[in-house]
Amino acid sequence: MTQRLLEVEHLQFRYGTSPDAPAALEDVTFGVDKGEFVSIVGPSGSGKTTLLRCIAGLQHPTRGDVRLNGEQVTDVPQELAIVFQDYGRSLFPWMKVRENVDMPLRHMGLPRAERRERIESALEEVGLTDAVEKYPWQLSGGMQQRVAIARAVAYRPQILLMDEPFASVDAQTRADLQDMALEVWQAHESTVLFVTHDIDESVYLSGRVIVLSQPPATVAAEIPVDLSRPRDQIETKASREFVEQRAEVARLIRRPSGEPRVATEAGATEVERR
Amino acid sequence: MSFANADAAIRPRLAGIGGWLGGVALRLSVLAALVLAWQVVTMLVDDPVSWPTFTDVAARFWDKWATDPDAWLRSLVPSMARLLGGWLGAVAVGIVVGTLIGLSARAREYVNPIVQFLRAIPPPALLPLFIVMLGIGDTMKATMILFGVVWPILLNTVDGVSSVEPLLRETGRVYRIGFRDELLRIILPSAAPKIFAGLRVSLAIAVILMVISEMVATVNGVGFELVQAQRSFRSLDVWATIVLLGIIGYTLNSILAAVEGVVLSWHRGAMGTRS
């Protein structure tokens, strides 16, 4: 029996308070069950980050509700962690890797031994055992994002939000990080909500893809991904099912909810270039 | 430093120590050349009152300051107490008030014109006022130093605190670390490089103000000794005291630089790797 963890209902976000203020999100509704890996894709500028920030309680929606475990989100909930795209600016440069991962744990009233155990196992999971005593700026971009992920993992949130976390690393590193994210998700039986503009990435990682429309955003479609797990960068991506699913998502992003072609011109060219 | 580099290439194992010694030797040789030039020129001029030789000044410095514990107690100790009292007071006031102002955009709007006005006043001009209000004692001198040096610390703290990377503070919020730790473990470390820049500027001004305050109304201190020597035409004592002031300023700055090197070791590294 699956259990609903996150509910987003009729979420609207406008920049400003007047009724004709420009909207980033028009009306977004979806849910995430415990243990799911769900991706949100959408054309650039479709309000993906705004949506994530509203879900995290970092921004307040103009209308609509976000509920986590049935409780309305007003400030950042304890059960939630975020991995930001910009790892370079979300790690503390004056703290070594260990202290960065330890930072959130200091406030949870955990015994010393458990804190140490959590830090070590999280760093081991992301493959950074040797970097404990290094500063973030001594590490490569991919390794820095691993630190940020280890920090979130050690915090043991019920739901992990990831905002285009692999958008600014090279292709090979991105593939490694994707597989690592899947391993972490499976090992902890956690729940992940993953925002990306990369269609391949969303299909490869997720059990379900939520496609946002052109801004102001609504949910254009929800597509279940029926690819078997564990997934493999080469075999999964070469399979017929993967190619078909990715084509379906791509079509939806090009022409969300049957809007006229003209309106989606910018988004369409961006998709084609990829 | 080409000397050090050549050394390093030839004997890699000894490069660290050898290169360092080479660097020190190079710097000392420049200093020695300047001292020698001073000595030669003043000997040629041959006017020991207006243009004393290096050896005369050094000998007087040795007798008057370096080897006279009594002079230390009489002059150096009170001067340093005023200087450090005023400067440390300014550090506390500057960082605390600067943090409060830096945290609030509204506070910055209200306070900024006042701060700009106050810091534009040359501190020595306030000396007569301070004498009337606080007398001529140590409190007045420390207060004048405090008032004169607090601005660089305050303004740099405001700047550092108000320009913390928003994503860092947001990360603290996501992990619910609370305001106290956000302040102590995110905001202040992040502002530390700018705060230290303010500390260095203010320490240099503090030495200047210490001397000025002691030249006007006082009974002891290094500045007092300087004025006394000048008034009684003891030109060698004037020179020896100026050398002492140079050493005080250099030593204080070196100590602060060493502290900064330890506290901000991460910052140097982070700046070095940023392309």
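Since the structure is predicted, the reported quantities are computational estimates derived from the model, not experimental observations.

Conventions used here
- Residues numbered from 1 in each chain as written.
- Chains lettered and ligands numbered in written order.
- Predicted model: local features only at pLDDT ≥ 70, side-chain atom pairs only at ≥ 80, totals over all residues.
- Helix = DSSP H or I, 4+ residues; strand = E, 2+ residues; numbered from the N terminus.
- Rg over C-alpha atoms; globule rule 2.2 N^0.38 Å.
- Buried ≥ 20, exposed ≤ 12 C-beta atoms within 10 Å, placed from the backbone.
- Contact = placed C-beta atoms within 7 Å.
- pLDDT = per-residue confidence, 0-100.
- Domains from an automatic or database assignment.
- Nonpolar A, V, L, I, M, F, W, Y, C, P; charged D, E, K, R; others polar.
- Expected span 1.5 Å × (residues − 1).
- Arc of directions from axis to C-beta.
- Pairing = 2+ DSSP bridges.
- Axes fitted to C-alpha atoms, helices over the stretch in contact; angles between N-to-C directions.
- Parallel < 35°, antiparallel > 145°, perpendicular 65-115°, else oblique.
- Left-handed = near helix turned anticlockwise from the far one by under 90°.

Caption draft 1: Quick look at the overall build of chain B. When its secondary structure is counted, chain B shows 12 helices and zero strands. Reading the helices (α) and strands (β) of chain B from amino to carboxyl end gives α-α-α-α-α-α-α-α-α-α-α-α. Taken over the C-alpha trace, chain B has a radius of gyration of 24 Å; the compact-globule value for 275 residues is 19 Å, which it surpasses by more than 25%. The C-alpha extent of chain B, read off along each of the three principal axes, is 75 × 65 × 30 Å. Scored against the burial criterion, the 275 residues of chain B give a buried share of 29%. For chain B, long-range pairs separated by at least 24 residues make up 69% of all intrachain contacts whose partners lie at least 6 apart in sequence.

Caption draft 2: Highlighting the overall build of chain A. Secondary structure summary: chain A contains 10 helices and 10 strands in total. Rg of the C-alpha trace for chain A: 19 Å, near the compact-globule value of 19 Å for 274 residues, within the 12% margin. Each principal axis of the C-alpha atoms in chain A carries an extent, and together these give about 60 × 45 × 40 Å. For chain A, with 274 residues in total, the buried portion stands at 41%. Contacts in chain A between residues far apart in sequence, at least 24 positions, make up 68% of those at least 6 positions apart.

Caption draft 3: Inspection of the confidence of the model for chain B at higher detail. The share of residues in chain B with pLDDT of 70 or more is 93%, and the mean pLDDT across the chain is 90. Within the model, the stretch residues 1-12 of chain B combines pLDDT values under 50 with 13 contacts to residues more than four positions away or in other chains.

Caption draft 4: Representation of the environment of Leu134(B) within the structure. All names here are of chain B. Note that leucine 134 resides in helix α6 (residues 127-134). Overall, the presence of 15 C-beta atoms within 10 Å leaves leucine 134 in the partly exposed class. Between the alpha carbons of leucine 134 and phenylalanine 54 there is a distance of 41 Å; along the sequence they are 80 residues apart. In contact with leucine 134, not counting residues within four places along its chain, are Thr139, Met140 and Thr143.

Caption draft 5: Representation of unusual backbone geometry. Put simply, Pro215(A) and Pro216(A) share a cis peptide bond, and its omega is -5 degrees. As for its position among the elements, Pro216(A) is in the loop between β9 (208-212) and β10 (217-224). Its identity is not glycine, yet Arg156(A) carries a phi of approximately 50 degrees, on the positive side. Here Arg156(A) lies in the loop between α5 (141-155) and β7 (159-163). Positive phi values are uncommon outside glycine, yet Asp46(B) reaches one of about 55 degrees. With respect to the secondary-structure elements, Asp46(B) resides in the loop between α2 (15-45) and α3 (54-66). A count of 8 C-beta atoms within 10 Å places Asp46(B) in the exposed class.

Caption draft 6: Quick peek at the domain arrangement of chain B. All names here are of chain B. Splitting chain B by domain gives domain 1 (1-46) and domain 2 (52-274). If you average the C-alpha positions of domain 1 and of domain 2, the two centres end up 32 Å apart. Across the contact, five residues belong to domain 1 and four residues belong to domain 2. Residues that form the side of domain 1 that touches domain 2 fall into these classes: three nonpolar, two polar and no charged.

Caption draft 7: Layout of the interface of chain B and chain A. Contact with chain B, which involves 18 residues of that partner, is made by 19 residues of chain A. For the side of chain B that touches chain A, the secondary structure elements donating two or more residues are α8 (166-174), α9 (178-216) and α12 (265-273) of chain B. The dominant element in the side of chain B that touches chain A, judged by the number of residues it contributes, is α8(B), at six residues. When grouped by side-chain class, the residues that make up the side of chain B that touches chain A number nine nonpolar, four polar and five charged.

Caption draft 8: Focus on helix α9 (residues 240-254) of chain A. All names here are of chain A. End to end, α9 covers 21 Å across 15 residues, agreeing with the expected 21 Å (1.5 Å per residue, within 8%). Residues of α9 that are buried include every one of Gln245, Val249, Leu252 and Ile253, and no others. Angular distribution of buried residues about the axis of α9 spans 100 degrees; they occupy a single face of the element. Exposed and facing more than 90 degrees away from the buried side of α9 are Arg240, Val243, Glu244 and Ala247.

Caption draft 9: Local environment of the pairing of strand β1 (residues 4-14) of chain A. Where β1(A) lies against strand β2 (residues 23-33) of chain A, seven bridges are found, and the strand directions are antiparallel. Its bridge partner being in β2(A), Arg4(A) is matched across the sheet by Asp33(A).

Caption draft 10: Spotlight on the packing of helix α4 (residues 112-125) of chain A against α5(A). Residues and elements named next belong to chain A. The interhelical angle for the contact between α4 and α5, taken along N-to-C directions, is 135 degrees, at an axis separation of 9 Å. Taken together, the axis directions place α4 and α5 in an arrangement best described as oblique. Remark: the crossing between α4 and α5 carries right-handed chirality. Contacts from Arg118, Ile119, Ala122, Leu123 and Glu125 of α4 reach α5 at Ala150, Val153 and Ala154. Among the residues making up the contact of α4 with α5, the classes are represented as six nonpolar, no polar and two charged.

Caption draft 11: Highlighting the pairing of strand β3 (residues 37-41) of chain A. Residue and element names in this part refer to chain A. Most of β3 sits out of view: five of its five residues are buried. Pairing of β3 with strand β8 (residues 191-196) involves five bridges; the strand directions are parallel. When the sheet's bridge partners are listed, phenylalanine 37 is paired in β8 with valine 192. With four bridges connecting them, β3 and β9 associate as parallel partners. Residue pairing in the sheet places serine 39 in a bridge with valine 209 of β9.

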